[in-house]
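# Examination of the molecular architecture
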Amino acid sequence: AAVLATGATTAWEAWVNVYDKGGGYLYDSSRRPPPFTWSDMPRNPIRLRKGDETVGEVTCQWGSWACLVDIGQALPGVLWMEEFAEGFPLRGWPPAVGTKLTARILNVDRKGYKLTLREGSLERPPRTEEEAGSLTSFEGVAPTECLEGEIQGMISKGVFVEVLPPDGGQPVAGLLHRREIDEELAPFFSIGTKIKVNILNVDVDNNLLDFSLWKP
């Protein structure tokens, strides 16, 4: 049975291996990228900076939440799902290996370049750093009770919504499945978006928490 990962820095990260088994990663390696392979695109001797536009080629997929992109630099580029489109991408994700992309540099660190295909500002809301709470706090919550949460992550199966237990305590993240996200809502489902949800399923034994959109 899947268990809540220890050492997770945020509530939503603890759920990636539970809900994204198809990615082929266990939690202790799920946030580590697969081996990077270079394409045959020419090398660019000029180091790119935040805000620069660049062309790259997708060389491999990282679970269902990111892909690695060769942008002609000494370090790889990473395109996270939440940077592929404005809101939740209902189509086109993940881009196939070999796909050519035009992206902007969102951030640079010693591990590589974070890329974005979104337009507008490059500022992003900070991630929360609280440890994940326990699902037992939600066992007695009625399916009709409205819970206010915040989107903290995306995978192809849906978005991770972080909520606080009604009786207090550490935040817990659960999955709002993509079937709940229609064409009208998808553009607004970005990291940091606050939404209201109902509990659809609580499985303490397997550490599974599923949400549906709140229905008044």
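A brief report on the enclosed structure follows. (Residues numbered from 1 in each chain as written. Predicted model: local features only at pLDDT ≥ 70, side-chain atom pairs only at ≥ 80, totals over all residues. Heavy atoms only, no water.)

Taken in spatial order, the five strands of this closed barrel run S6-S7-S8-S10-S9, and their pairing is mixed. Pairwise comparison of adjacent strand axes, ignoring direction, gives a mean angle of 50° for this sheet. As judged from the six bridges shared by strand S6 (residues 147-155) and strand S7 (residues 158-163), these two strands associate in the antiparallel manner. Following the sheet pairing, Ile155 is matched in S7 by Gly158. (Pairing = 2+ DSSP bridges. Helix = DSSP H or I, 4+ residues; strand = E, 2+ residues; numbered from the N terminus. Axes fitted to C-alpha atoms, helices over the stretch in contact; angles between N-to-C directions.)

Most of strand S8 (residues 172-177) is tucked away, with five of its six residues classed as buried. As paired strands, S7 and S8 are joined by six bridges and run antiparallel to one another. In the sheet register, Val163 faces S8, and the bridge partner there is Val172. Note that S8 and strand S10 (residues 208-213) share two bridges and pair parallel. (Buried < 20%, exposed > 50% of the residue type's maximum accessible area, 1.4 Å probe, protein only.)

On to the sheet that holds strand S4 (residues 100-109), then. The strand order S1-S2-S3-S5-S4 describes a closed barrel built from five strands, whose pairing is mixed. This sheet shows a mean twist of 50° between the axes of neighbouring strands, independent of strand direction.

What is shown is where atoms sit, not what they do.
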